[in-house]
Amino acid sequence: VSASKPLPGYAEWKDADSMIVHSANTIETRRTAFGSGGITPLDRLFVRNNVTPPAAAIVKDPDAWQVQVDGVAKPRSFTVAELKTLGLQSVAMVLQCSGNGRSYFPHKPSGTQWTVGAAGCVVFTGVPVKAVLEATGGMADGMEYMTGTGGEEIPAGLDPNTVMVERSVPLSGIEDALLAWEINGEPIPLAHGGPLRMIVPGYTGVNNVKYVKKLAFTKDQSPASIQQNSYRMSPVGVKGTPEHDSVWEMPPKSWINNPYDPAQPVKAGKVTINGVAMGGMSEAEKIEVSVNGGKDWQKAEFIGPDLGKYAWRVFALTVDLPAGEHQLASRVTNDDGETQPEERVENNRGYINNSWRDHMITVKVA
Ligand code: MSS
């Protein structure tokens, strides 16, 4: 069990034993704590804030929270109570930080050294963005992006572009996007972006703007530094700029969660290996496991309910493991025929690591 700091106040309701607290704004789920039911319990879900979250008072009366909608025929603001009259949809989806798996990059990118636990699978409920568009007379002409602005206060005297959490996604992201007020059936707590969050299923964590106070359809991407320079796939050693691809859609990825606990020796004989597999932008279709470091692969089974293309699925495979050391790996293929690669895509800040080799684990069987 690696060293962990105390949970910060806004997240003190988390299950401390299940979390690795890197800092007050970066809290990861332990690899042993995902469970095998497919949905991540809220008290074990990771937290990542780029800046200090707003005061807890904003979730006291969630229905009163207001969001301004711009870049439409009839711009206006809505309370959450009003949004609740416009439509209802739920989506089970992987919420995963762009930097999940960063600690496996050999060049030691700056940023939180996440292993596998800056991810979870949760159910968001809210109103489809398409219904909000309908209620506002449709998108204004010439818009190319959906831009969400976080509700954090900008400290006086600072250039807002350097601090604000404002993210733009291409219009294709709208299809399944929500303005959500519930997570796993509960009002979204402050830690996860209540009272209202912009949800773009299939896109990395940062594109799911918490405490969203403005939803705008825009010609250009946000001028905020978090859009222009951060979350860009720039080469190692090169600072991100708008010329580099923005971190948006997630690729297929899987990893094994059990057997993993270094404190729990595995007994020789039958062992049930299990983990999670996500397809990214299409359904996880096939999952394979290797018990010899990726030399041979065998098909594992998805277990439990299929919660749709944006969710992850738990997989399991029972094998016979003799005494000795074994390297266990998994690799998923999605419905578009895209297979999780052996190698990561190198990039300066260590985003989107889906290398099966980096996520491989070594178990000692006695
Ligand atoms: N939003 C806001 N408003 N703010 C902040 O800071 N962050 C991001 C998202 N959103 C933020 C937001 C990130 S970055 C992430 S991951 C996510 O969120 C997380 O979530 P949770 O709930 O888990 O905490 Mo990376 O890509």
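Residues numbered from 1 in each chain as written. Predicted model: local features only at pLDDT ≥ 70, side-chain atom pairs only at ≥ 80, totals over all residues. Heavy atoms only, no water.

Trainee: A description of the environment of glutamine 96 should follow, citing residues and the corresponding values.
Mentor: Structurally, glutamine 96 is set in strand 6 (residues 89-96). For the pair formed by glutamine 96 and asparagine 208, sequence separation is 112 residues and the distance between their alpha carbons is 9.8 Å. Within the structure, glutamine 96 has its side chain in polar contact with the side chain of lysine 253 (distance 3.0 Å). (Helix = DSSP H or I, 4+ residues; strand = E, 2+ residues; numbered from the N terminus. Polar contact = N/O pair within 3.5 Å; in protein donor to acceptor, adjacent residues only side chain to side chain.)

Trainee: Which residues make up the layout of surface pockets, and what values go with them?
Mentor: Counted as a void, the second largest pocket has a volume near 250 Å³. Taken together, 20 residues form the lining of the second largest pocket, with Arg48, Asn50, Ser230, Tyr231 and Arg349 sitting closest to its centre. Its residues assigned to classes, the lining of the second largest pocket shows nine nonpolar, eight polar and three charged. (1 Å grid on protein atoms, 1.4 Å probe; cavity = no way out; pocket = protein on both sides within 12 Å on 5 of 7 lines; lining within 4 Å. Points joined across faces, edges and corners; volume = space filled by probe spheres on them. Nonpolar A, V, L, I, M, F, W, Y, C, P; charged D, E, K, R; others polar.)

Trainee: Run through empty space enclosed by the protein, naming residues and quoting values.
Mentor: Counted by the stated rule, this structure contains three cavities of 30 Å³ or more. The calculated volume of the largest cavity comes to roughly 240 Å³. Together, 20 residues line the largest cavity, and Arg48, Asn50, Arg197, Gly205 and Lys210 are the ones closest to its centre. Split by residue class, the lining of the largest cavity holds 10 nonpolar, six polar and four charged. Taken as a whole, the second largest cavity spans an internal volume of roughly 70 Å³. Surrounding the second largest cavity, Gln96, Cys97, Ser98, Asn100, Thr204, Met250, Pro251, Lys253, Ile352, Asn353 and Asn354 form its lining. Looking at side-chain class alone, the lining of the second largest cavity contains four nonpolar, six polar and one charged residues. Shared between two domains, the lining of the second largest cavity takes at least three residues from each, and those domains are domain 1 (9-228) and domain 2 (253-365). (Domains from an automatic or database assignment.)

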